[in-house]
Amino acid sequence: MRVGVADQLPKQSFYRVPLALYRPGDILEDDLYFLYQGQYVLYKMKDLSWKEEDRIQLQEFKVFHLYIKLPDARAHHEVIEKNLSRILESPIVATREKAQLLYDTSSALVEDLYQKPMSTENLKRSVKSVHRSIEFLSQRADNFFEVMSMATRNYTEFNHAWHTAIYAIAVGRKMGVKTFNQISELGIGALLHDIGKTKVDSKIIAQEGRLSGEDRKAVELHPRYGFDILRASRAVPELSEQIVLQHHERENASGYPSKLSSEIHPFAKIVAVVDCFDALTTDRAFQAAMTPLQAIKVMQSDLKDEYDQNVLVNLVKVLTK
């Protein structure tokens, strides 16, 4: 049977993009469609120039989104990620939609990073992701709650990494960390805190219940692995590397890998608290999610000797405005 050219092309689906993706003078990389009565109608062909009149005309007809054809959701995330800064800056995109796009692209980025942890390009993308997150959270106080309303209670390493970064940025700001560089270092360290788990046997990471002594030792190496990955790349700030190395150290010197106590960096203490909080408030294979109030109470009582209680107080302030 002869296979036609059309049969050889990868199947594509329509994916929604905000009008703010395009600026006057942009040369379109894809055919643009709008949705009319359940049908995708070609609006403008690729390689043409986007004009201000296009935006005005579409807005007059209450069209605020267009559609492009792409092979899969990953390709869609790549398109959005590449243009996310302009979307987040746009006054015509609703805050909730900005939060959803930020959440989706950031989680997808972390997934890419976990698949290729040694990729300098992916690490640089993670730095940009943190910068965009900081800028979005700085736009208005309620943006933190918009972002976290997207959070799922189902635990994945990718979502957990990003939740931890958002919590850390918010808590750091609440505690008086003001400069962009410092907040960035904190956010990057938080986002990448568990990257070393990619060097631990995935069967151990996925194991339910209490780990054996040997498996526990293997897991406890992940902060050192993460530090080594980042140090080899030189793609992130040194303080972010230090946060990754120390995020499992504890106030009472019961942590790992170095049993530190007074020597723990304040930013690593922030990440330790929010890491634990997010883990407690999401469903795990071996543990049902706690409510935020339950998690805070556990950290104030059973775990009070392990975590900086001043950081915990500031987390409560973030959660309660």
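Residues numbered from 1 in each chain as written. Predicted model: local features only at pLDDT ≥ 70, side-chain atom pairs only at ≥ 80, totals over all residues. Heavy atoms only, no water.

Chemist: Break down the pairing of strand S2 (residues 32-36) for me, with residues and values.
Modeler: Pairing of S2 with strand S3 (residues 39-44) involves five bridges; the strand directions are antiparallel. From the neighbouring strand, Tyr33 faces S3, where its bridge partner is Leu42. Connecting S2 to the next strand, S3, in antiparallel fashion are two residues, including Gln37 with a positive phi near 50°. (Pairing = 2+ DSSP bridges. Helix = DSSP H or I, 4+ residues; strand = E, 2+ residues; numbered from the N terminus.)

Chemist: Any chance you could break down a nonpolar patch on the surface for me, citing the residues and the numbers?
Modeler: A cluster of nonpolar side chains, namely Leu42, Met45 and Leu48, defines an oily patch on the protein surface of about 280 Å² accessible area. Summarising the element assignment, Leu48 is placed in the loop between S3 and helix H2 (52-60). Classification of Leu48 by relative accessible area gives partly exposed; the value is 41%. (Patch = residues over 30% accessible without salt bridge, like charges linked within 9 Å, V, L, I, M, F, W, Y side chains within 5 Å. Areas by Shrake-Rupley, 256 points an atom, 1.4 Å probe, with all protein chains shown as cover. Salt bridge = Lys/Arg side-chain N within 4 Å of Asp/Glu carboxyl O. Buried < 20%, exposed > 50% of the residue type's maximum accessible area, 1.4 Å probe, protein only.)

Chemist: How would you explain helix H6 (residues 120-139) if you had to name every residue and give the values?
Modeler: The terminal C-alpha atoms of H6 lie 29 Å apart, and with 20 residues this matches the ideal 28 Å at 1.5 Å per residue to within 8%. Along H6, the positions that sit buried rather than exposed are Asn122, Leu123, Arg125, Ser126, Val127, Ser129, Val130, Arg132, Ser133, Ile134, Phe136 and Leu137. (Expected span 1.5 Å × (residues − 1).)

Chemist: A description of the confidence of the model for the protein should follow, citing residues and the corresponding values.
Modeler: Where the model shows low pLDDT, its predicted coordinates should not be examined in detail. In the predicted model, the protein carries a mean pLDDT of 91, and 97% of its residues have values of at least 70. The element-level mean pLDDT for the protein is lowest in helix H1 (residues 5-8), coming to 44, with helix H13 (residues 238-246) highest at 98. Scored below 50 in pLDDT, residues 1-9 makes one contact in the model with residues more than four places away or belonging to other chains. (pLDDT = per-residue confidence, 0-100. Contact = heavy atoms within 4.5 Å.)

Chemist: Could you give an account of the packing of aromatic side chains, with specific residues and numbers?
Modeler: Here the structure, examined in full by the defined rule, presents 11 aromatic pairs. Aromatic side chains Tyr22 and Trp50 sit 5.3 Å apart centroid to centroid with 35° between the ring planes, which places their arrangement in the tilted category. Of this pair, Tyr22 sits in the loop between strand S1 (13-18) and S2 while Trp50 sits in the loop between S3 and H2, placing them 28 residues apart in sequence. Judged by relative accessible area, Trp50 falls into the buried class, the value being 1%. An aromatic cluster of at least three residues, connected via ring pairs, comprises Phe14, Tyr33, Tyr40 and Tyr67. (Phe/Tyr/Trp six-rings, centres within 6.5 Å; stacked < 30°, edge-to-face > 60°.)

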